[in-house]
Amino acid sequence: MTEPTPTRHPNPAGIQRVAVLTSGGDAPGMNAAIRAVVRTAAFEGLEVMGVRRGFSGLHRGELKLIGPRDMANTIQRGGTILLTARSATWRTPEGRARGAQHLRDNGVDGLIVIGGDGSFHGADLLQKEHGIPVIGVPGTIDNDLYGTDHTIGYFTAVETALDAVDKLRDTGASHERIFVIEVMGRHAGHIALDVAVAGGAEEVFIPEDDKPIEDVIEIVKDSVEKGKMGSIVIVAEGVPGGAQGVGDAIQAGTGLETRVSILGHIQRGGTPVSSDRILASRLGEAAVYALMDGVSGVMVGRHGGDIIHTPLHETWEKRKDVNRDLYRCAKKLSV
Ligand code: F6P
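The structure reproduced in this document is the subject of the present report. Since this is a predicted model, take the numbers as computed values, not measurements.

## Concerning the side chain of T140
Tracing the backbone through its elements, the reader meets T140 in the loop between β5 (134-138) and α5 (154-175). The contact partners of T140, leaving out residues within four places of it in the chain, are A27, G116, L145, T151, I152, G153 and Y154.

What follows is the structure, encoded as structure tokens:
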């Protein structure tokens, strides 16, 4: 097999300079996405301005030219070298107008926004109100965006949470305790479900399902009767009452010693795993190509092996369901 030679992408939109920012909660792999944007642009002969602190920095004019050498040693780093924020000012028309003016003053032809649904709302408004071409790149650990099989950061967050679950299982089994573990995911149960299956949990609570707590109490009692050394129950943070509520109910309903562990922001940090780096590299490249093709107002995503475009508003209006087969499988394997 001969190695394919990279060729220059057509540029019918005449893009010369793009800007890139990260916004909302950071996610492992965001740096790999920034790197892919900067290096794809350099390969195509375009310039890139990095915007610091997301939309907050944009309305304050925190833009600076960045080049391929600035991307050295970033692919393996968690967090975001451009910094991120959740901006209240961007929710005002005045804030967005200031941001649009900074982009125009700096000769920017299109903006690439790496973030989640809140960030895409902000990007959508920018293009609708000010005609600035925008492309979204899905960067959030929650995996809750319609239009892509996975979001950048999700795979790493699952690994991090799983590592914690394995450790908690050691101590839980030694004390024959019930461990109720809360994972992130905002309103979605994707992380919880993957972690439950991979961690061999006895039960999983996700916001997509309203399982009665009484059923879980029975399952936990049953698993003790079967001789299990301890039980792991995974709870997605979006479940009403969270892990504490579930843990209190289990302890009251079973009389068994129960501990609650909320994993929290540790799930957002750390070195991105290869799947996140690869996804970020492909989507960063695709975002630059979308702008060069004259596309705007979409998120680039990966479905199967293909790169697809989804209108930004659909990414939050349409719901990405959890993998129901996996859910069924989780239940079966905890007998
Ligand atoms: O969207 C990513 C995420 O980590 C969610 O899982 C979580 O609900 C939220 O961000 C936490 O936000 P913050 O960092 O503002 O506390």
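There is more to say, and it comes next.
## Notes on the environment of L58
Along the chain, the position of L58 falls in helix α2 (residues 54-60). Note on L58: relative accessible area 0%, which makes it buried. Taking the C-alpha atoms as reference points, L58 and A97, 39 residues apart in sequence, are found 10 Å from one another. When neighbours within four sequence positions are excluded, L58 is seen to be in contact with L21, V51, R52, L63, W90, G99, H102, L103 and L111.

## Overview of helix α9 (residues 274-292)
Across its 19 residues, α9 extends 27 Å between first and last C-alpha, which sits within 8% of the 27 Å expected from 1.5 Å per residue. What α9 keeps buried is the set D276, L279, A280, L283, G284, A286, A287, V288, Y289, A290, L291 and M292. Of the residues flanking the end of α9, it is G294, one or two places downstream, whose phi is positive at about 85°.

## As for the nonpolar core
Ranked by size, the top nonpolar core spans 71 residues in total, and within it I112 and I234 carry the most contacts. For this core, the element with the highest residue contribution is α9, accounting for 10 residues. Inspection of this core shows a minimum of three residues originating in each of domain 1 (17-153 + 272-317) and domain 2 (154-268). The residues contacting I234, other than those within four sequence positions of it, are V165, I181, V183, A192, V195, A196, A201, E203, V204 and F205.

## Some remarks on the environment of H150
Positionally, H150 belongs in the loop between β5 and α5. Judged by relative accessible area, which is 25%, H150 ranks as partly exposed. With 126 residues separating them along the chain, H150 and D276 place their C-alpha atoms 9.0 Å apart. Beyond its immediate sequence surroundings of up to four residues, H150 is in contact with N143, F155, L279 and K320.

## Examining the packing of helix α7 (residues 213-225) against helix α8 (residues 242-254)
Where α7 meets α8, the axes come as close as 9 Å, and the angle between the chain directions of the two elements is 60°. In terms of orientation, α7 lies oblique with respect to α8. Where α7 crosses over α8, the two elements pack in a sense that is right-handed. Of the residues in α8, those touching α7 at I213, V216, I217, V220 and K221 are V246, A249, I250, G253 and T254. Here the residues of the contact of α7 with α8 sort into seven nonpolar, two polar and one charged.

Thresholds, definitions, all that
- Residues numbered from 1 in each chain as written.
- Predicted model: local features only at pLDDT ≥ 70, side-chain atom pairs only at ≥ 80, totals over all residues.
- Heavy atoms only, no water.
- Helix = DSSP H or I, 4+ residues; strand = E, 2+ residues; numbered from the N terminus.
- Contact = heavy atoms within 4.5 Å.
- Buried < 20%, exposed > 50% of the residue type's maximum accessible area, 1.4 Å probe, protein only.
- Expected span 1.5 Å × (residues − 1).
- Core = buried A, V, L, I, M, F, W, Y, C linked by side-chain atoms within 4.5 Å.
- Domains from an automatic or database assignment.
- Axes fitted to C-alpha atoms, helices over the stretch in contact; angles between N-to-C directions.
- Parallel < 35°, antiparallel > 145°, perpendicular 65-115°, else oblique.
- Left-handed = near helix turned anticlockwise from the far one by under 90°.
- Nonpolar A, V, L, I, M, F, W, Y, C, P; charged D, E, K, R; others polar.

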